[in-house]
Amino acid sequence: MKVLKFGGTSVGSIDSIKQVINIIKSEKNPAKTVVVVSAFSGVTDQLIEVSQLAEIGSEIYLEMLKGIENRHIQAVKELINPKNQSGLVANFKVMFNELEDVLHGVFLLKELSAKSLDYVASFGERLSSLIITDAFIGAGIETSLVDARHQIRTDRTFNNARVNVAVTEANIQAYYKKNKNLTVVPGFIASTDRGEVTTLGRGGSDYTAAIYAAALNAKVLEIWTDVDGVLTANPKVVRRAIPIPQLSYDEAMELSYFGAKVIYPPTIQPALDRGIPIVIKNTFNASAPGTRITAEAPMGEAPVKGITSISNISLLTISGSGMVGISGTSMRFFGALGRNKISVILISQASSEHSITIAVTDKESERAKLAIEEEFEYELQSGKIDPIAIEQKQSIVAIVGQNMRNTPGIAGKLFSVLGRNGINIRAIAQGTSELNISFVIDKQDESKALNVIHESFFLSNTKVAHIYLIGVGLVGKTLVKQILKQQAYLKDKLGLELRLAAVSNSKKMAFDAEGITWEDIANVLEQSKQKADIDKFAKEVVNLNLRNGIMVDCTADDVVGTSYKAFLEHSIAVVTPNKVAASGPYALYAELNRVAQKRGARWLYETNVGAGLPVLSTLSDLVKSGDQIHRIEAVLSGTMNFIFNTVSAKMPFSNTVKEAKVQGYTEPDPRIDLSGKDVARKILILAREAGYKLEFDEVEIVNFLPGKVFKTKDIESLWTALEAYDAEFDVLRTRIEKEKKKLRLVASFDGKAAKVELREFTQDHPFYNLEGSDSIVLFYTDRYHKNPLVVKGAGAGAEVTAAGVFADIIRLRN
């Protein structure tokens, strides 16, 4: 024998019922098949609502009842041959008249007993089974309808009746000794010895199917639903959840207990007791293999099979010195909860016996707290036990897998990935069987936790990084182009998907947790009604609470540059070419590094000094490996290098600066480059990264331009001031050319003082041969004291700067 159960979504529409018919037609031995059906999708809830409306005297119940009747009659018209419709419609009319009479009684008495509610709720399965039986017959399938009320015998616990297994199995076995056809059985419903209608509670149709499978010793129980089996996580929360091919009974029970919706543990117990395999299949994708649940899962499979969660949980903690060494405390604690019928979902107890923490539903939390306070009234008043602590709006997350017990490092990997994403764990529980590890977190972190865990254990070669981009000017636009070009490569070769979740320019900002299309940034910002505001931007990003978050600042803005703490505090990494934070007050620099380290976030600013050159990473490697930095000499302005390499008799100094701005080499305000302040910031950052505490005003800047250049009120007046200086600079340029030298704006640090000045170099110096916008850094250290370690290459321009930012983003993949 084989038992197939089709849930509400599987019989929720005409098309889905036709799909069920196709599935049954494909059965090799239909005569040995039992089909258990639920009510049409949503009908049971509607019948309960109709009953409740009648109880409060609302005549709306009549309209709803008519709607239910019309839905079923319409199904008859669409599924059943017109020649055979009249008998079924007439039967429905009788049934609905009967139902209306009962509800009218409820309406008049303003009373809805559990018994009456069971009677009304039973009509969902009774109606659907009649239609599906006739639809099978019309499709050429020899079918008999079995009324489960005549076979499943229960006690009088209405709404959640207990089954008399011996009598029920005898009834089922007696019937199937005679029956030779496929049978349709309405799920959920049963009856007492008195003939009173009862229902089997939550998951009742699954329970019906399991009862028949056990009684008939079926070779398999198939539960047909609307997903491709039991998934590794809730697909509504984790979009990349995948089907689990095989589970053990224990794994399935654990997943279900902690929130998986596909099966309800108590209802499938009869099948488990007989060792009957259970297969979860998708009605709408019948060819999918589904999930097979058996007594033992094969060894050698993945250690973690699935992740699941329960929301709206409260933690209650009883603690105090008066608990230590006192026998009976736990008994009293759980006894008080048991007497008040409060279900405990999770228990965590310190080995010191100083505290016990439990998880209950939010709805039961206040009642649980009151029960504990009453039980320990004396201890609370005398101070032996601390006031009962309660934390609401929590969630329980559990990872489940039978092979975890044979795999070291699972817990370490789990808690590491949570920590990196700033998810704080409130309580932990793990049984000695190591079948599951469950823990409690804030509800607001539930979605993030499920996704990062799923990526870590099931998609370890693939990660989604959520990008929050500020600044879509020259560097920002170039970065976007580079990302678009490399998207396929990142996904295929590095397993990295960069998803843009927020973007802002100087005027507007936009957010979308599902992702903003990179190509559509300009249009999205244009249509956005949210004005740009860095504080609001940070708050919104934090509220999105997405995993693997990276804030990318492609501006040179002072306000944005000092906002990084708001992101780092929430374990959101920061990547930026903006030098404001790293070259600002030392206190800010140190605080950002402290917060980043504390929160396990990364603050990457490689492009602050050498654009795309690996200057900071090289310096970091030297320091971390124990080398001592004694002196740094560098040409750090690719912009100034371009200017000095380009200026000529035909290209005066002022025009060369204009060209540098057009090429994207200068800061938005070229005076920053010309003043040496940009270089001063860079040498300051290098000194700090080398381990020295230095402030910006301690860097000596020797200007080579007259002061009036820097006092100009705007860019246009700057050009005028530079043109007035062209002749004077040309005298210097002519002399330098005759002496076969080169001008370089040099930054230096000797372990005590930092300086920026214009210097002249002959051909024998490494600084002489710099071309275009190249930069160069010389590190003199314990190891490199005679011949310095040299880092040289393109040091300015949107392409190389964006590439450096891009490299930092990719670096965060690991």
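A quick note: this is a predicted structure, and the numbers were derived from the prediction, not measured. (Residues numbered from 1 in each chain as written. Predicted model: local features only at pLDDT ≥ 70, side-chain atom pairs only at ≥ 80, totals over all residues. Heavy atoms only, no water.)

Visitor: It is not clear to me how the overall build of the protein should be interpreted in this structure. Could you clarify?
Guide: Helix and strand counts for the protein come out as 30 helices and 29 strands. Computed over the C-alpha atoms, the radius of gyration of the protein is 36 Å, more than 25% above the 28 Å expected from 2.2 N^0.38 for a compact globule of 814 residues. Projecting the C-alpha coordinates of the protein onto the three principal axes gives extents of approximately 115 × 75 × 55 Å. Within the protein, the fraction of its 814 residues that count as buried is 53%. In the protein, once contacts between residues fewer than 6 apart in sequence are set aside, the share between residues at least 24 apart is 73%. A total of about 36,100 Å² of accessible surface is found on the protein, and carbon and sulfur atoms cover 50% of it. Of note, the protein has its 95 positive side-chain charges centred 3 Å away from the centre of its 94 negative side-chain charges. (Helix = DSSP H or I, 4+ residues; strand = E, 2+ residues; numbered from the N terminus. Rg over C-alpha atoms; globule rule 2.2 N^0.38 Å. Buried < 20%, exposed > 50% of the residue type's maximum accessible area, 1.4 Å probe, protein only. Contact = heavy atoms within 4.5 Å. Areas by Shrake-Rupley, 256 points an atom, 1.4 Å probe, with all protein chains shown as cover. Lys, Arg positive; Asp, Glu negative; His and termini not counted. Charge placed at Lys NZ, Arg CZ, Asp CG, Glu CD.)

Visitor: Explain the pattern of salt bridges here, please?
Guide: Where charged atoms of side chains with opposite charge meet at close range, the side chains can pair. Across all of its chains, the model carries 41 salt bridges by this definition. Note that arginine 240 and glutamate 455 form a salt bridge whose closest N and O atoms lie 3.1 Å from each other. One end of the pair, arginine 240, is in the loop between β7 (220-225) and β8 (246-248); the other, glutamate 455, is in helix α15 (residues 446-458), and 215 residues separate them in sequence. On the basis of relative accessible area, arginine 240 is assigned to the partly exposed category, the value being 25%. Notably, a salt bridge pairs arginine 733 with aspartate 730, separated by 2.7 Å at the nearest N-O pair. (Salt bridge = Lys/Arg side-chain N within 4 Å of Asp/Glu carboxyl O.)

Visitor: Just checking my understanding: could you explain the environment of phenylalanine 537 for this structure?
Guide: With respect to the helices, strands and loops of the structure, phenylalanine 537 is situated in helix α18 (residues 534-544). Distance in space between the C-alpha atoms of phenylalanine 537 and alanine 510 is 8.8 Å, their sequence separation being 27 residues. Those residues in contact with phenylalanine 537, other than ones at most four positions away along the chain, are Tyr468, Leu469, Ile470, Ala502, Val503, Ser504, Met509, Phe511 and Phe567.

Visitor: It is not clear to me how unusual backbone geometry should be interpreted in this structure. Could you clarify?
Guide: The phi angle of most residues is negative, glycine excepted, and most peptide bonds adopt the trans form. Even without being a glycine, asparagine 217 presents a positive backbone phi close to 50°. Structurally, asparagine 217 is set in the loop between α8 (204-215) and β7. In this model, asparagine 548 sits at a positive phi of 50°, which is unusual for a non-glycine residue. Classification of asparagine 548 as partly exposed rests on a relative accessible area of 21%.

Visitor: Would you explain the pairing of strand β21 (residues 549-553) in this entry?
Guide: Across a regular strand the side chains alternate sides, sitting on one face of the sheet and then on the other. Summarising burial for β21: five of the five residues are buried, a large majority. Going residue by residue along β21, you find Gly549, Met551 and Asp553 tucked away on one face and Ile550 and Val552 tucked away on the opposite face as well. Inspection of the sheet shows strand β17 (residues 463-470) paired to β21 by five bridges, in the parallel sense. Residue pairing for β21: isoleucine 467 is matched across the bridge by isoleucine 550. Where β21 lies against strand β22 (residues 573-575), three bridges are found, and the strand directions are parallel. Looking across to β22, one finds that isoleucine 550 is bridged to alanine 573. (Pairing = 2+ DSSP bridges.)

Visitor: How should helix α2 (residues 43-55) be read in this particular structure?
Guide: Residues spaced three or four apart along an α-helix point in a common direction, a consequence of the helix completing one turn every 3.6 residues. Over its 13 residues, α2 runs 18 Å from end to end, which matches the ideal 18 Å to within 8%, given 1.5 Å per residue. If you check which residues of α2 are buried, you get Val43, Thr44, Leu47, Val50, Ser51, Leu53 and Ala54. Packed against the buried residues of α2 are α3 (60-79), α4 (85-109), α5 (114-121) and α6 (123-138). Once α2 finishes, glycine 57 follows within two positions and takes phi at roughly 80°, a positive value. (Expected span 1.5 Å × (residues − 1).)

Visitor: Would you explain helix α29 (residues 715-738) in this entry?
Guide: With 24 residues, α29 should cover 34 Å at 1.5 Å per step; its first-to-last C-alpha distance of 33 Å lies within 8% of that length. For α29, the principal kink sits at aspartate 726 and spans about 45°. Residues Leu718, Trp719, Ala721, Leu722, Tyr725, Asp726, Phe729, Arg733 and Ile736 constitute the buried set of α29. On its buried side, α29 packs onto α25 (638-646), α26 (653-662), α27 (671-674), β26 (742-749) and β27 (754-761). Two or three places before glutamate 716, at the start of α29, stands the capping residue aspartate 714, its side-chain oxygen 3.3 Å from that residue's backbone nitrogen. Count one or two residues on from α29 and you reach lysine 740, which has phi positive near 55°. (Bend = angle between axes of the 7 residues up to and from the residue. Polar contact = N/O pair within 3.5 Å; in protein donor to acceptor, adjacent residues only side chain to side chain.)

Visitor: Could you clarify how one ought to interpret the packing of helix α14 (residues 410-420) against α15 in this entry?
Guide: Angle between the axes and distance between the axes are the two parameters that describe a pair of packed helices. Contact pair α14 / α15: the axes reach a minimum separation of 9 Å and the direction vectors enclose 135°. With respect to their mutual orientation, α14 and α15 come out oblique. The two elements α14 and α15 meet at a crossing, and its hand is right-handed. Mapping the contact onto sequence places Ile410, Lys413, Leu414, Val417 and Leu418 in α14 and Ala449, Val452, Ile453, Ser456 and Phe457 in α15. (Axes fitted to C-alpha atoms, helices over the stretch in contact; angles between N-to-C directions. Parallel < 35°, antiparallel > 145°, perpendicular 65-115°, else oblique. Left-handed = near helix turned anticlockwise from the far one by under 90°.)

Visitor: In this structure, what is going on with the pairing of strand β2 (residues 33-37)? I would like to understand it.
Guide: Of all the five residues making up β2, five are buried; the element is thus mostly covered by neighbouring parts of the structure. Of the two faces of β2, both are covered, the one formed by Thr33, Val35 and Val37 as well as the one formed by Val34 and Val36. Note: strand β1 (residues 2-6) against β2, five bridges, orientation parallel. When the bridges of β2 are listed, phenylalanine 6 appears paired with valine 37. In this view, the connection linking β1 to its parallel neighbour β2 by way of helix α1 (residues 14-25) has right-handed handedness. Both β2 and strand β4 (residues 182-186) contribute to a ladder of four bridges, which runs parallel. (Right-handed = clockwise from strand over helix to strand, strands pointing away.)

Visitor: Teacher, can you tell me more about the packing of aromatic side chains here?
Guide: Taken as a whole and assessed by the stated rule, the structure comprises 22 aromatic pairs. Aromatic pair phenylalanine 644 and phenylalanine 729: ring centres 6.3 Å apart, planes at 10°, arrangement stacked. Pair noted here: phenylalanine 644 is in helix α25 and phenylalanine 729 is in helix α29, with a separation of 85 residues, a long-range link. Residues phenylalanine 644 and phenylalanine 729 agree in their burial class; the two are buried. By the ring-pair criterion, three or more aromatic residues cluster together here, those being Tyr564, Tyr586, Tyr589, Trp603 and Tyr605. The ring centre of phenylalanine 107 lies 4.9 Å from the NZ or CZ of lysine 110, which sits over that ring. Stacked on the ring of tyrosine 768, the Lys or Arg lysine 742 has its end atom at 4.5 Å from the ring centre. (Phe/Tyr/Trp six-rings, centres within 6.5 Å; stacked < 30°, edge-to-face > 60°. Lys NZ or Arg CZ within 6 Å of the ring centre and 35° of its normal.)

Visitor: Would you mind going over the environment of leucine 592 with me for this structure?
Guide: Here leucine 592 is to be found in helix α22 (residues 586-599). Looking at leucine 592, the relative accessible area reads 1%, which means it is buried. Placed 51 residues apart in sequence, leucine 592 and isoleucine 643 show a C-alpha to C-alpha distance of 35 Å.

Visitor: Looking at this model, I keep getting lost on the sheet that holds β7. Mind explaining?
Guide: Two orientations exist for strands paired in a sheet by backbone hydrogen bonds: parallel and antiparallel. Read from one edge of the open sheet, eight strands run β3-β4-β2-β1-β7-β9-β10-β8, paired in mixed fashion. Two strands bound the open sheet, and with one partner strand each, they are β3 (143-145) and β8. Ignoring which end each strand starts from, the neighbouring axes of this sheet average 20° apart. Judged from the three bridges that link them, β8 and strand β10 (residues 291-294) form a sheet pairing that is parallel. Paired with serine 248 across the strands is threonine 294, a residue of β10. Docked against the sheet, α1 engages β1, β2, β4 and β7, running at close to 170° with respect to β1. Contacting β8, β9 (278-282) and β10, helix α9 (residues 249-257) crosses the sheet at an angle of about 90° to β8.

Visitor: Help me understand the sheet that holds strand β13 (residues 355-361) in this model?
Guide: Judged by pairing direction, the sheet is antiparallel, and its six strands sit side by side in the order β12-β13-β11-β14-β16-β15 without closing on themselves. Since the sheet does not close on itself, it has two edges, and those belong to β12 (346-349) and β15 (427-430), each with one partner. Going from strand to strand, the sheet's axes swing by 30° on average, the running direction of each strand aside. Of the pairings in the sheet, the one linking strand β11 (residues 306-319) to β13 comprises seven bridges and is antiparallel in character. Note that in β13 the partner of serine 319 across the bridge is serine 355. Sheet strands in contact with helix α11 (residues 329-339) are β11, β12 and β13, and its direction is about 15° off that of β13. The sheet strands contacting α15 are β11, β14 (389-400) and β16 (436-442), and the helix crosses β11 at an angle near 125°.

Nothing here speaks to function; it is all geometry.
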